[in-house]
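What follows is each chain in one-letter form.
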Amino acid sequence: MRTDWGGVGWAGPAHPHPGVWLPVAVLFSCRTGVNRGCQTRRDIGLGQGSRCSECMDWGEKRNTVASIAAGVLFFTGWWIIIDAAVMYPNMEQFNHSYHACGVIATIAFLMINAVSNGQVRGDSYSEGCLGQTGARIWLFIGFMLAFGSLIASMWILFGGYVAKEKAIVYPGIAVFFQNAFIFFGGLVFKFGRTEDLWQ
Amino acid sequence: MAGVKALVALSFSGAIGLTFLMLGCALEDYGVYWPLFVLIFYVISPIPYFIAKRVTYDSDATSSACRELAYFFTTGIVVSAFGFPVILARVAVIKWGACGLVLAGNAVIFLTIQGFFLVFGRGDDFSWEQW
């Protein structure tokens, strides 16, 4: 259904079923402001219209998609640990000090994403207070905290629950998944976005 | 004229979503009104977008860090709205059927909010300043 747009032309008037195509046309006309860069290429090569629009949509919306994916991962991680904390409130089943792991992962998330890639490469407009070296050290510490919290969550799972052969392993699994989700959310938010779209 | 039709359709779907939410709370099998707190999530979900829109004056850039942060927080609010009734059902405050109704209401309401921004957010003939 997408391929015949290129042949007919974009929202062509000669389409036999305008009633069916009207919602689709309305939905895409809302997005013309976004993929305006695609118009010229579509005009040049009509046969590749649909494929071009797909790749351009991904390019223009890449930051939005990455932000939403990172948000889903990060907050799903926190809701997993909320679930574990609510289900097992006493210290024997779920030691409250295990929450520190997720807190450090969140701090690492903030530290990683507070520094832009341009600042690390040194091609940003403003130097900041410490410049490129400070940005690199900050990012280094942030990634160290992120990996450290991920490793610590595995340690909690195996050292605190599996090796002790506790009856309820779920809090350990919840801690591990919380940290894994926050970690990958941070990676998606950091590397899934491109800063070319900011200019 | 299309704006009025879209407005009526969106308010209809919003009413459907709120009906799902109230069914999850008020059916005599359920009768627990804690899920109504998701209304807070509905209200605060567009706020990051509004803040980012006011803060970023540079409109010719296709994206900005502030707007992406707003998307991140909006996603967090949406995820929280889905996570909250699940937690309530996990600790047996509400039943799983009520949780399902609330989740359905969540989906409809957030699609309505999304539709509101898709229909009215980018149109040149309609701006928020007119309100």
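Reading the values: rules and limits
- Residues numbered from 1 in each chain as written.
- Chains lettered and ligands numbered in written order.
- Predicted model: local features only at pLDDT ≥ 70, side-chain atom pairs only at ≥ 80, totals over all residues.
- Heavy atoms only, no water.
- UniProt positions renumbered as here; feature names shortened; annotations may be inferred.
- Helix = DSSP H or I, 4+ residues; strand = E, 2+ residues; numbered from the N terminus.
- Contact = heavy atoms within 4.5 Å.
- Areas by Shrake-Rupley, 256 points an atom, 1.4 Å probe, with all protein chains shown as cover.
- Phe/Tyr/Trp six-rings, centres within 6.5 Å; stacked < 30°, edge-to-face > 60°.
- Buried < 20%, exposed > 50% of the residue type's maximum accessible area, 1.4 Å probe, protein only.
- Lys NZ or Arg CZ within 6 Å of the ring centre and 35° of its normal.
- Axes fitted to C-alpha atoms, helices over the stretch in contact; angles between N-to-C directions.
- Parallel < 35°, antiparallel > 145°, perpendicular 65-115°, else oblique.
- Nonpolar A, V, L, I, M, F, W, Y, C, P; charged D, E, K, R; others polar.
- Patch = residues over 30% accessible without salt bridge, like charges linked within 9 Å, V, L, I, M, F, W, Y side chains within 5 Å.
- Salt bridge = Lys/Arg side-chain N within 4 Å of Asp/Glu carboxyl O.

Labelled according to UniProt, chain B appears under the name Leptin receptor gene-related protein, originating from Rattus norvegicus.

An unreviewed UniProt entry annotates chain A as Transmembrane protein 50A originating from Rattus norvegicus. Turning to chain A, the UniProt record has this under Sequence similarities (unreviewed entry): "Belongs to the UPF0220 family." Taken from UniProt, the Subcellular location (unreviewed entry) comment for chain A reads in full: "Membrane".

A word on the overall build of chain A. Looking only at helices and strands, one finds 9 helices and 0 strands in chain A. Of the regular secondary structure in chain A, the N- to C-terminal order runs α-α-α-α-α-α-α-α-α. When contacts within chain A are restricted to residue pairs at least 6 apart in sequence, long-range pairs at least 24 apart make up 72% of them. Just so you have it, chain A exposes about 11,300 Å², and 69% of that area is on carbon and sulfur atoms.

Let us look at the packing of aromatic side chains. Ring pairs (aromatic) are described by centroid distance and by the angle formed between their planes. As enumerated under the stated definition, the model contains 24 aromatic pairs over all chains in all. Ring geometry for F74(A) versus F72(B): centroids 5.6 Å apart, planes at 50 degrees, classification tilted. Taken together, the residues F74(A) in helix α5 (residues 62-87) and F72(B) in helix α4 (residues 65-90) connect one chain to another. Classification of F72(B) by relative accessible area gives buried; the value is 3%. Three or more aromatic residues link up through ring pairs in this structure, and these residues are F74(A), F75(A), F109(A), F189(A), F72(B) and F73(B). The ring of Y161(A) has K166(A) sitting right over it, with the charged end atom 5.0 Å from the ring centre.

What follows concerns the packing of α4(B) against helix α5 (residues 96-120) of chain B. All names here are of chain B. Closest axis-to-axis distance for the α4/α5 pair is 9 Å, and the angle between their directions is 170 degrees. As the angle between them shows, α4 and α5 are arranged roughly antiparallel. Where α4 abuts α5, its residues V78, A81, F82, P85, V86, A89 and R90 lie against W96, C99, V102, L103, N106, A107 and F110. For the contact of α4 with α5, the class distribution of residues is 12 nonpolar, 1 polar and 1 charged.

Once that is clear, we can look at the UniProt feature "transmembrane region" (unreviewed entry) in chain A. Residues and elements named next belong to chain A. Per the UniProt record, the feature "transmembrane region" (unreviewed entry) sits at residues 65-85, 97-116, 137-162 and 168-189. Within the segment residues 97-116, helix and strand shares are 80% and 0% respectively, and the terminal C-alpha atoms sit 32 Å apart. Counting secondary structure, residues 137-162 comes out at 100% helix and 0% strand; the distance between its end C-alpha atoms is 36 Å.

All names here are of chain B. On the surface, W34, F37, I40, V43, I44, I47, I51, V55 and V93 cluster together into a nonpolar patch covering about 810 Å² of accessible area. Counting only elements with at least two residues in the nonpolar patch, the list comes to α2 (38-44) and α3 (47-55). Locating V43 in the fold gives a position in helix α2. Given the relative accessible area of 57%, V43 is considered exposed.

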